[in-house]
Amino acid sequence: MLRMTLHCIRARLAASAASLAFVLVLAALPAPPSHAQGRATAPAAAASSAASEKPELPSVDSLRDRLEAIPAKIGEDDDYRQWLSDIAAIGTAATQVAARRAEALADVDTRLAGLGPAPDKGATAEAPDVAQQRSALAKERSSIDAELKLARLIAVDAEQRGADIIRQRREQFQTALTTRIDSPLTSTFWRNVRSAFPGDLARLQSLGAELQESAARAWEPAHRTGFVVSLAMALFVAVAGTWLAERLLLRLAPARLPPGRLRRSLLAFASVLVHTMLLALAGQLAWGGLTVDAVPSPRLQAFERATLQLLVFAAFMIALGHALISRKRSSWRLTALSDELATRLAPYPWWLALTTVLGGLVIEVNRVVGASLSAEVSAHAVSALLMALVILCALRHLRAPTAAAPSADAGTDAQGNPGEPGPQAAAPRPIWMGLLVAGAAATALAILVMLVLGFVALAHTLAGQMVWTGVVFATTYLLFELVEDVAQAVLSSRGGFGQRLHKGLGLDGKLLDQSAVVASGALRVVLLFYMVIALLAPLGTAPDEVFRRGGSVNQTLQVGSVTLAPQALLTALAIACAGFVMIRILKRWLSDQFFPNTSLEPGMRSSIVTLLGYVGGVAVIAIALAGLGISVERIAWVASALSVGIGFGLQAIVQNFISGLILLAERPVRVGDWVVLGETEGDVRRVNVRATEIQLGDRSTVIVPNSEFITKTVRNMTLTGAPGRVLLRLPAPLDTDAARMRDLLLQAFQQHEGVLDNPEPIVQLEGILNGTLTFLAIGYVSNPRNAGGVRSDLLFSILAALRDAGLALSPPATTAVAPYTPVAAQGPLTTVSVPQPQ
């Protein structure tokens, strides 16, 4: 069992190195088609190929024999990956045969239809040649139909056989991880290692002899020149090539790329890619010089593959850490690290790569030479111990708070390089970062505890998975930054290409910004999908198995017709947590990135985000309950029963909710409008789904239910964007020069910068009342909110102008009640004649 565990771990390590090339090109790969799509399109592809070239396909009998030759159960040392590859090939061939047979069957049916229906019994017999042809076609059709059904059956059996092998492998791996051996702290462990050491040393010496023999053949005069040249080129590429490549990238980036964030992310990505490729080329050159004369032995070939995979993995880790930490060039740094922290963390990519490579190399050597079980166990234990210690040392430096990241738009120096950032202020570390560091530290400590207790296989698996997870997360972060910067540089209205689109095609700048945000978000979703695949790749788990419900967990709780199993509860909890996290991320993305680039008002943005949260929450809860076995139909019945009683108590809330939706749709009241509702007058600050907030003149806020705006009369002062009006009524004595008064008033209106020229201000003599001339002056301003201030300014200027011109306004009229006096006691009446206006 333990040897099978180590075999699984070796397969995991090989898959990790093989998956590296896939991680490097995550950003350039489209989403792969689903298995259902592949099965749906395979017949069409086979039919098209058959129509053009008609390639030779194996018979259904040979496919059946090949499928039956694959064992139904896998052993500890069986190569299940090869079996899965063979089963997939058999299934694909069976699908192609079925498609070919379906075409042939359709052709035979067409030919039979051309002969017409067969004559009934007792009817006139058809011609002998027609009857003979009909019989031959019927036999051919029966044979083709049998082959078609058998081919389809083989395809289904192959799919089921592959799923069963994957299930067995997962069960074996899960069982093997819990295998416990003697603790490395006991003498029994090292006694077994010491007893097996002579045999392991002899096997290792045999591999060394093969290497010496290969080196001796390469050093012969006929091959010496090529061997020396290959080693020299490998050394040059590994040392001078990487140095020259870095200098060239630093020179080309400022010259070829516009200033901004794209320089940093693209330079980091190119640096990782170039360094990894150069070191892989150096390793290939070295091995090519060593095996220049003949084909190496199978053991040397396996050792060559293992060393090249580990070299590529280590080179990628070092280049990725160097690009993200950027110890010497803080202005090019992508991560929010201070210079001091970057200096402390700089050696750890080297140490982690070194421990990973050395541990993996020792494990691969043991596998190649067929070392004893004790040697394999000790190699895994030492490798896990070194990786856990390096991880703990690196996490120790992350306890200090990080500094703010250098600004990507801080400017450039004379050479076009990003300018050096200013003093860095300590930034609080996010909560998720603290939880991540704490979880990593707890896992590393758990690895040490497992080693002490003797769970070597599980400890080494966790250590390798921690390293691989860190590499995948760092790569995804780099690609996140790259796609964000590329989308902003290419599509944003602030970029050069976006400005050309704006000027050449007349596209709106807001539309370009929205396109950049949407493109960045879509690419990040694709990267997240591939990140999950990359995380699961070391364990050999296919993506479609993540949410597959296992059948090994016993049912423990029965509630009516609903069965609750532990795995179902965990699945529902995971769905709920992941769903609410995704809703929160989506809401934040809409609020912070997408909506600011739209013309939507703040109130509508908030309402859409709130409604999205409600709808998403209901959907997540429904899916989680479905994971527990509670169907949506049952939830609908319960909701229908409760809605009758709840509806009476929530009538007002529902009314306001529907009114809020009407306000959002018709938009009679918007955020920023000046409204008058009854005795309430103020500015609309927020339109929610239930109520609307109105800010009064004294800065207090009134919360008005939305139904008030639907059922009552509302005066919206700024709905149609109409200008505000300034109206002045000025009384003047009867003997005032009316024409001069009008000119002074018009001059005051025309000289004020807030009064509009169109419509132009007017001054009218409204009437003569009680010996007083009443002048009516009207002007218009751009916004009704400015009317009060403009009115005050006009009054000040008019009073000053009247004073300078020697004109005056009439005092306010007063009303007095005289005591009663008899008519006889009054004096004679005097008649005053008032001339009528012309």
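Residues numbered from 1 in each chain as written. Predicted model: local features only at pLDDT ≥ 70, side-chain atom pairs only at ≥ 80, totals over all residues. Heavy atoms only, no water.

Draft legend 1. Region of the structure containing the sheet that holds strand β3 (residues 674–677). The strand order across the open sheet built from five strands is β6-β5-β4-β3-β7, with neighbouring strands paired in antiparallel fashion. Unpaired on one side and paired on the other, β6 (701–705) and β7 (715–716) mark the two borders of the sheet. Across four bridges, the pairing between β3 and strand β4 (residues 680–687) is antiparallel. The residue of β4 that forms the bridge with V675 is G682. (Pairing = 2+ DSSP bridges. Helix = DSSP H or I, 4+ residues; strand = E, 2+ residues; numbered from the N terminus.)

Draft legend 2. The arrangement of the environment of A474 in detail. Here A474 lies in helix α15 (residues 456–491). Spatially, the C-alpha atoms of A474 and L324 are 8.1 Å apart, while their sequence positions differ by 150 residues. What A474 contacts, discounting residues up to four positions off in sequence, is L320 and L324. (Contact = heavy atoms within 4.5 Å.)

Draft legend 3. Representation of the nonpolar core. One finds V272, M317, L320, I391, I447, V467 and L478 to be the most contacted residues of the largest nonpolar core, which totals 52 residues. Ranked by residues supplied to this core, first place goes to helix α10 (residues 298–325) with 11 residues. Once you skip the residues sitting within four places of it in the chain, L320 turns out to touch V272, V471, A474, T475 and L478. Membership of the second largest hydrophobic core comes to 24 residues, among which are I74, W83, V97 and V108. (Core = buried A, V, L, I, M, F, W, Y, C linked by side-chain atoms within 4.5 Å. Buried < 20%, exposed > 50% of the residue type's maximum accessible area, 1.4 Å probe, protein only.)

Draft legend 4. Representation of the pairing of strand β5 (residues 691–695) within the structure. Counted residue by residue, β5 has four buried out of five residues, so it is predominantly covered. Pairing of β4 with β5 involves four bridges; the strand directions are antiparallel. Bridged to R686 within β5 is E693. Where β4 hands over to β5, the hairpin turn is made up of three residues, counted between the paired strands. One ladder, built from five bridges, connects β5 with β6; its direction is antiparallel. Residue pairing for β6: A691 is matched across the bridge by P705. Counted along the chain from β5 to the antiparallel partner β6, the turn is five residues long, and its residue R699 has a positive phi close to 70°.

Draft legend 5. Structural detail: the confidence of the model for the protein chain. This prediction gives the protein chain a mean pLDDT of 75; 77% of its residues lie at or above 70. Low pLDDT (under 50) marks residues 1–52, which in the prediction has 94 contacts with non-local residues, meaning those over four places away or in another chain. Scored below 50 in pLDDT, residues 813–838 shows one contact in the model against residues more than four places distant or in partner chains. (pLDDT = per-residue confidence, 0-100.)

Draft legend 6. Inspection of unusual backbone geometry at higher detail. Residue P759 follows N758 across a cis peptide bond; omega there is 0°. Tracing the backbone shows P759 in the loop between α23 (738–751) and β9 (762–769). Positive phi is not limited to glycine here, since R699 has a value of about 70°. Within the secondary structure, R699 sits in the loop between β5 and β6. With phi around 55°, N770 is a residue other than glycine that occupies positive phi space. Turning to its location among the elements, N770 is positioned in the loop between β9 and β10 (772–781).

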